[in-house]
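Structural overview for review
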Amino acid sequence: MNRRTFVRNSLLAAGGLTFGGRSWAGKVLPTQPGAMSAEQIAQARFPRDFLWGMATSAYQVEGAWDRDGKGESIWDRWTHTPGRIASGTNGDVACDQYHLFRDDVALLKQLNQKTYRFSISWPRVLPAGTGAINEKGIDYYSRLVDALLEAGIRPFCTLYHWDLPQALEDRGGWTNRDMASYFADYAGLMARRLGDRIAVWAPFNMPWWFTWAGYARGFNPPGRANADDFLRALHTVALADGLAYRSLKAASSRASEGNAYAYEPAYPKTDSEADHDAARRFHLLNNVLFLHAARHGNYPDAFVGEVPYEAMGFRAGDEKILQHPLDWVGVHYYMRLAISAPATAPRPAAGQRHVDPMAQCVIEQYSVGPQIGNGTELWPRAFYDMLMQLTRDFDRPILEITETGVVLPDRLNADGQVHDPDRIEFYRQHLAAMAQAMADGARVRAYHAWSLLDNFEWNDGFTHRFGLTWTDPTTRRRIVKDSGRWYARVAAANRLDV
Ligand code: NOJ
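These lines cover the structure that appears in this document, whether it is placed above or below. (Residues numbered from 1 in each chain as written. Predicted model: local features only at pLDDT ≥ 70, side-chain atom pairs only at ≥ 80, totals over all residues. Heavy atoms only, no water.)

Overview of the overall build of the protein
Tallying secondary structure elements over the protein gives 19 helices and 17 strands in all. For a compact globule of 498 residues, the expected C-alpha radius of gyration is about 23 Å, and the protein comes in at 21 Å, within 12% of that figure. By principal-axis analysis of the C-alpha atoms, the protein measures approximately 60 × 60 × 45 Å. Burial status across the protein gives 64% buried among its 498 residues. Of note, the protein has its 55 positive side-chain charges centred 3 Å away from the centre of its 56 negative side-chain charges. (Helix = DSSP H or I, 4+ residues; strand = E, 2+ residues; numbered from the N terminus. Rg over C-alpha atoms; globule rule 2.2 N^0.38 Å. Buried < 20%, exposed > 50% of the residue type's maximum accessible area, 1.4 Å probe, protein only. Lys, Arg positive; Asp, Glu negative; His and termini not counted. Charge placed at Lys NZ, Arg CZ, Asp CG, Glu CD.)

Concerning the environment of Ser247
Topologically, Ser247 is positioned in helix H12 (residues 227-251). Beyond its immediate sequence surroundings of up to four residues, Ser247 is in contact with Ala184, Ala187 and Gly188. (Contact = heavy atoms within 4.5 Å.)

Notes on the pattern of salt bridges
By the definition in use, this model includes 30 salt bridges. With its nearest N and O atoms 2.9 Å apart, the salt bridge here joins Asp497 to Arg495. A residue is classified by how much of its surface remains accessible, and Arg495, at 30% relative accessible area, is partly exposed. (Salt bridge = Lys/Arg side-chain N within 4 Å of Asp/Glu carboxyl O.)

Concerning the packing of aromatic side chains
Taken as a whole, this structure holds 45 aromatic pairs when the rule is applied. When the centroid spacing of 6.3 Å and the interplanar angle of 80° are considered together, the rings of Trp122 and Tyr160 count as edge-to-face. Of this pair, Trp122 sits in helix H7 (residues 122-125) while Tyr160 sits in strand E3 (residues 154-160), and the two are 38 residues apart along the sequence. The residues Trp122 and Tyr160 share a single accessibility class, namely buried. Pairing Tyr140 with Tyr141 gives two aromatic rings, centres 4.9 Å apart and planes at 70°, and the pair type is edge-to-face. Side by side, Tyr140 and Tyr141 carry an identical accessibility label, which is buried. Members of the aromatic cluster, joined through ring pairs, are Phe46, Phe50, Trp52, Phe426, Tyr427, Tyr447 and Tyr487. Lying over the aromatic face of Trp78, Arg84 brings its terminal NZ or CZ to 3.8 Å of the ring centre. Against the face of Tyr140 rests Arg124, its NZ or CZ located 6.0 Å from the ring centre. (Phe/Tyr/Trp six-rings, centres within 6.5 Å; stacked < 30°, edge-to-face > 60°. Lys NZ or Arg CZ within 6 Å of the ring centre and 35° of its normal.)

So, in structure tokens, the structure goes:
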């Protein structure tokens, strides 16, 4: 799902933010400088050991959905249901990375990459989610990791990028509290088998988002639209994160844990008190709820009314499970958002306005800065703000950028190449913003572009291309785009004027 769809479909929930507090937000948005200057781009420098990388996820690239003993996932079930995916496609073959992983590792090496963020498909290694192990599945990831290490590339492993074993959904999915320990067992298994070679583990990708989309709104699997289910799922996932932290550490002395959070810098639409409060709530729920839970053992006071502990199924002692240290913090950045309180929001055009009844805020995309592709606003300053906010609010954590990227209507040209200057500009601008944040104290150690390949973009199927490499939908042939070549030069030079 791309970010426009993401905002259009979801949004969301409550939230609110601080962004340097009232002083920052007191300024009128359209006058904020959104872009980085030519000078900032020319001066941007990155440390010699900076980890340049790319990201993918299992369901989006692997294919082989039923090969070698893999179990069915909720995304298999969802995409096989007629009418779910606009183009009628599915991830059965996807980019066929299951068979082509050696080529993809060679490609990463050719592009000078130092880190690759991939995910493990839970039903590939544990077809029923618990119990019997599929050794062929483990063997696949073992070979992938060996190939990466041989190529000098750090494996960054996400354990859950949304493809829940269908067998566990049949037992209640994330609304079932037992899921927390099933997940921790799975994490422990992977760390026992691969922890000698993988050090960096992210239990979850976008935990707020997948619980919201799957349980509160129902436009992603398992397709439920029920506030109570959402709240229970949210708490189970937070418990699972706490337990997984412990099982990863117990199984591997090298394990370091963080998550990959979707972080959408949220700005109050106007300077009104109500919009400030709405933006604060949005931020605390959508962006940092899980970070807050890990740190404090409770949930931020940002819901409308009291924090709904009872509906979440919170029990005495859960605070100890939630709480754990942050080895590092992983964040995605795609766009900034304008947040307002329903009462103060003017009436935006249909399709641009999203009200969350639980959190009582209105979410809109900005279109103040230049727009690229199908309407992505280029406003890298928000990426800078986000990194500085995390740096301030969480005591200078080590940061891993787990994703940024842009969907564009790429075409294969007559010369057999894909020319995507807008994507180059997108990355140049955002990397300059990141360099500025690093110069100002943000401890960013890695950056993963989304994505190595054009891949299966969830409900949008293959219609949305995010890759730095073109993937032919029929032959699965890979063609490095201009942006991929540019990014490879950046990775080699640690600067942007390449
Ligand atoms: C976030 C998700 O982690 C990824 O799966 C998705 O493809 C990209 N963003 C683009 O929408």
